[in-house]
Amino acid sequence: MIDPRFTEDERMVLQVVRDFAASELAPIAHDLDINAVVPREAIAKMQELGLFGLLIPEAYGGTSIRAVLYVRVIEELARACAGVAIVVSVHNSIGAQPIFLYGTEEQKKRFLPRLAAREIGAFCLSEAGSGSDAASLTLRAQRDGDFWVLDGAKLWVTSATQAGVFMVFARTNPDPAAGYRGITAFLVERGTEGFSVGKKEDKMGLRASDTAELIFDAARVPVENQLGKEGEGFRVAMSSLDSGRIGVAAQALGIARAAFDEALAYAKVRRQFGRAISEFEATRIRLAEMDTDIEAAALLIHRAAHRKDLGLPYGPQASMAKLFASEMATRVTHAAIQIHGGFGYTKDYAVERYYRDARVTEIYEGTSEMQRIVIARSVLGGLR
Amino acid sequence: MESLLSASQIRLRQEARSLAESLLREGAEGRDRSAAFPSEEIRALARRGYLGMTGDPSHGGQGWDRLAASLVLIELARGCASTALVVGFHALVVCEAISRSASSALKSRHLPSLIRGESLGALAMSDPSALGAPPDPATAWTEGDRLILRGSRESVPGATAADLFLVYAQVGSEQDGGDAGVPRTRRETTGVGASSAADASPRRRALLLVPRGTPGLRIGPGSPPFGVRAAGVADVRFDECVVPSDQELAPPGEPRAVSGPILADADLVVASQAVGIAEEAFEKAVVRTKERDASGAHVGSRQSIQWKLADMQVLLDAARLFCLRAAIAADRGEAGYAREAAQAKCFAGRAAARIADEAVQVFGSAGAIADGGIERHWRDAKTTELNPTSREAALLSMARSLLGGGS
């Protein structure tokens, strides 16, 4: 948790990721952001490097690295390009991992090697009318022989135009009394009849990842693609998000570290009143506060990851890491712009992108408000 | 967090927790009100070896590592923040400084009685003008085999009861009265670490042990601060105080090598104290949320309260992790210890102040009442942002390691 002592192999993984991020992602991150382009070549290279099988066991083609290393990988990618980092994070933590945790042996064999090698996984929970209140989702699934027929739409799906496998949460029991127990998870493959990608969002940040609507118009999903038991979809979604939240926290941390590095470097060269602004006490204190803020997030993230590695419950700890890291990233990127002054408000400086990229980490995979509810519940225990 | 701790660390923490409960908690409120020093309590802790918690077993110490010491201080601070502060400075700062850099003669003169708790050590560190600046040394000069010490230290915890003061001083020549020849402004711009090449007189930073009763040493009165009121806080003055030269701790050398380890340990003590205060305030707030309000609903059923609890919990956990990390760095002998301890202290102090503040808020107007059981934590917590140096001073020292230079 405090200082994960990595093995030689783990160190190498981290070094490979760092080198890749520096040489392949950092140079294109600006253009990807401006043009809102998904870097397919870079993603193919990351697939070759094994970055899409990080939480998949070797038996199914992945590498199954420890969570304490996984968060470092996401952090390093986010430091170079937060858009690419979220593609990798969503794929690994809430795209592929639930199939290993909840899938049948047949499903694992069918899907995991593909996801580890060449296909991107997507997670489809939110709808136009259900965000934080995920249990109120309305996408309907009805049994028809050996198929489930899905009708409705999903929103905010990361990698929607790129993914091959979509984990879709649908209502299989329309009785309002069933509530979250009426939800079931399905693995929907690209090319499924009646399933299509809708409007692509024009986002504020993370523009190197695509986010779009999905439309299900009597989409026919074979019964063998049902993930987990009928009515247990909500549990699959929520427990997957525990893992996803550590990834988002690590992404926020990476963005903040990048912004801090830029601010530190800029403060040393920018001169006003006859000296570098890094010589002014206000700047120095601000940088030290940013550094402390960043380290606090790093500690919370590593604690959550460490608990996951030990097989301990880590839901509240993941929420704490995500809540703090995402709000920290907003504070740190905000301060980084302030240190840059007017230059930081232009696209000539990367801090402008970091600020926009950081913002959504307070929203997706559970808003800060939902994290506070999770944490407060763990504090209050059996109150009410 | 548990997974990082050894069985003996967990046992020590448990013992400290029980002791805080049986020995410290009940009387803490009363000692705070009357600003009464916890002499009895400290004697009881001494009998159990706590005053020599990190001390070398060959001198009768317990030999605990910093991690165990930090965990123990957190527990003691939950019972009584004043006691934890005094014991922490005594054991981790004064005893450790002597162990680290005193001559063997000086060690055998002072350590055994300090470790047994028969005499109490205090750190005379903070300068009256130190807000935002690194600690400024008192001034001293040599006269034969004696050092003459002049200056004052403000708000020294444990001062009213201490038998031995650890003083950070600048030793110069008689003519310039230590460093009186260096204009204040230049000292500020060059910083404690920079030696002034323009000044011809040889000056060095030193740590001196000044026993109570030394001629010229004046303690108090000074009014008690609003927090840690039982910690025996008072001003200490050195009116041409005469200290035998052999009361100087050994390695002069690089200025920061003298003050650095002292500050790091003092930061760890205050960081741990802050975590203990924050835990206590937080737990009281949680208990309060399980009560019912006038409408019959649980206080904690409101989102305005839940939000506070969530934010308090996150800050508390991060503060704990900072303490743990700094203590582990110390135990591993890592060079980054000083910086991590400063960071831990900055974060934990701020976190404690905010957590205690929100805890008062959870209690509503009942939280502002003197015997409401919560406002003491609010006052105690704030002192961790001023002690052993201000938060700003700690941030600036961190900035120095990020950026170099500066004051």
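Predicted model only: the values in this text are computed from it and were never measured. (Residues numbered from 1 in each chain as written. Chains lettered and ligands numbered in written order. Predicted model: local features only at pLDDT ≥ 70, side-chain atom pairs only at ≥ 80, totals over all residues.)

Chemist: Residues and numbers for the overall build of chain B, please.
Modeler: Check the secondary structure of chain B and you find eleven helices and seven strands. A burial count over chain B gives 56% of its 407 residues as buried. Intrachain contacts of chain B at a sequence separation of at least 6 include 79% that bridge at least 24 residues. (Helix = DSSP H or I, 4+ residues; strand = E, 2+ residues; numbered from the N terminus. Buried ≥ 20, exposed ≤ 12 C-beta atoms within 10 Å, placed from the backbone. Contact = placed C-beta atoms within 7 Å.)

Chemist: Can you lay out the overall build of chain A for me, pointing to particular residues and giving the numbers?
Modeler: In terms of regular secondary structure, chain A is built from ten helices and ten strands. Here chain A has a C-alpha radius of gyration of 21 Å; the compact-globule value for 384 residues is 21 Å, and the two agree. Over its C-alpha atoms, taken along the principal directions, chain A stretches across nearly 80 × 50 × 40 Å. The 384 residues of chain A split such that 55% are buried. Put simply, 75% of the contacts in chain A that link residues at least 6 apart link residues at least 24 apart. (Rg over C-alpha atoms; globule rule 2.2 N^0.38 Å.)

Chemist: Lay out the domain arrangement of chain A with the relevant residues and their values.
Modeler: Taken domain by domain, chain A comprises domain 1 (8-120), domain 2 (122-231) and domain 3 (235-380). Counting from both sides, the interface comprises eleven residues of domain 2 of chain A and, opposite them, ten residues of domain 3 of chain A. (Domains from an automatic or database assignment.)

Chemist: Quick rundown of the interface of chain A and chain B? Include the residues and the values.
Modeler: By a widespread convention, an interface's size corresponds to the accessible area lost as its parts come together. Taken together, the 32 residues of chain A in the interface contact 34 residues of chain B. Mapped onto the side of chain A that touches chain B, the elements with two or more residues apiece are α6 (233-269), α7 (281-309), α8 (315-340) and α10 (368-380) of chain A.

Chemist: Can you explain the pairing of strand β1 (residues 121-124) of chain B? Please cite residues and give values.
Modeler: Residue and element names in this part refer to chain B. Where burial is concerned, the two faces of β1 agree: the one with G121 and L123 and the one with A122 and A124 are both buried. Bridge count for β1 against strand β4 (residues 164-172) is four bridges, and the pairing is parallel. Among the inter-strand pairings, G121 is bridged to a residue of β4, identified as L164. (Pairing = 2+ DSSP bridges.)

Chemist: Got a sec to walk through the environment of A:V197? Specific residues and values, please.
Modeler: All names here are of chain A. Inspection of the secondary structure puts V197 in strand β6 (residues 195-200). On the neighbour-count criterion, V197 (17 C-beta atoms within 10 Å) is partly exposed. Distance in space between the C-alpha atoms of V197 and A177 is 31 Å, their sequence separation being 20 residues.

Chemist: Describe in detail the confidence of the model for chain B, supporting the description with residues and values.
Modeler: Residues and elements named next belong to chain B. Averaged over all residues, the pLDDT of chain B equals 88, while 87% of them reach at least 70. When the criterion is pLDDT under 50, residues 178-201 qualifies, and its contacts beyond four places in sequence or with other chains add up to 33 contacts. Scored by ipTM, the complex comes to 0.95, with pTM at 0.94. (pLDDT = per-residue confidence, 0-100.)

Chemist: Could you give an account of helix α9 (residues 337-363) of chain B, naming the residues involved and the relevant values?
Modeler: Residue and element names in this part refer to chain B. Taking 1.5 Å as the rise per residue, α9 with 27 residues should run 39 Å; its terminal C-alpha atoms sit 38 Å apart, in good agreement. Most of α9 is tucked away: 23 of the 27 residues are buried. Just past α9, the residue G364 takes up positive phi, approximately 70 degrees. (Expected span 1.5 Å × (residues − 1).)

Chemist: Hey, could you go over the nonpolar core for me, with residue numbers and the actual values?
Modeler: Counting 270 residues, the largest nonpolar core has A:L77, A:L300, A:I301, B:A278, B:A318, B:A319 and B:F322 as the members making the most contacts within it. Non-local contacts of B:F322, meaning those with residues more than four positions away in its chain, are made with A:A296, A:L299, B:A271, B:Q343, B:A344, B:F347 and B:A348. (Core = buried A, V, L, I, M, F, W, Y, C linked by C-beta atoms within 7 Å.)

Chemist: Break down the packing of helix α1 (residues 8-35) of chain A against helix α3 (residues 67-80) of chain A for me, with residues and values.
Modeler: Residue and element names in this part refer to chain A. At a closest axis distance of 8 Å, the pairing of α1 and α3 adopts a crossing angle of 20 degrees. Judged by the angle between their axes, α1 and α3 are roughly parallel. When the axes of α1 and α3 are compared, the crossing they make is right-handed. Two secondary-structure elements touch here, α1 through E10, V13, L14, V17, R18, A21, A22, L25, A26 and A29 and α3 through L69, R72, V73, E76, L77, R79 and A80. Broken down by class, the residue content of the contact of α1 with α3 amounts to twelve nonpolar, no polar and five charged. (Axes fitted to C-alpha atoms, helices over the stretch in contact; angles between N-to-C directions. Parallel < 35°, antiparallel > 145°, perpendicular 65-115°, else oblique. Left-handed = near helix turned anticlockwise from the far one by under 90°. Nonpolar A, V, L, I, M, F, W, Y, C, P; charged D, E, K, R; others polar.)

Chemist: Got a sec to walk through α1(A)? Specific residues and values, please.
Modeler: Residues separated by three or four positions in an α-helix point in the same direction, a consequence of the helix having 3.6 residues per turn. Residue and element names in this part refer to chain A. In this model α1 runs 39 Å from its N-terminal to its C-terminal C-alpha over 28 residues, within 8% of the 40 Å that 1.5 Å per residue would give. Looking only at α1, the buried set comprises V13, V17, A21, L25, A29, L32 and D33. Where α1 ends, the next residue or the one after it, A36, has phi of about 50 degrees, a positive value.

Chemist: Explain the pairing of strand β5 (residues 183-189) of chain A residue by residue, including any values.
Modeler: Residues and elements named next belong to chain A. Within β5, six of the seven residues are buried, which leaves it mostly tucked inside the rest of the structure. By the bridge criterion, seven bridges tie strand β4 (residues 165-171) to β5 in an arrangement that is antiparallel. For A170, the partnering residue across the bridge sits in β5 and is T184. Looking at chain direction, β5 and strand β8 (residues 226-227) are connected through two bridges and run antiparallel. When the bridges of β8 are listed, F186 appears paired with Q226.

Chemist: Give a description of the environment of A:D19 that names residues and reports values.
Modeler: Looking at the secondary structure, you find A:D19 in helix α1. In the structure, A:D19 is positioned 57 residues away from A:E76 in sequence and 9.5 Å away in space, judged by C-alpha atoms.

Chemist: Describe the environment of A:T330, and please don't skip the residues or the numbers.
Modeler: All names here are of chain A. For T330, the position within the fold is in helix α8. Considering only alpha carbons, one finds T330 and R220, 110 residues apart in sequence, at a separation of 42 Å. Those residues in contact with T330 that lie beyond four places of it in its chain are A358, R359 and E362.

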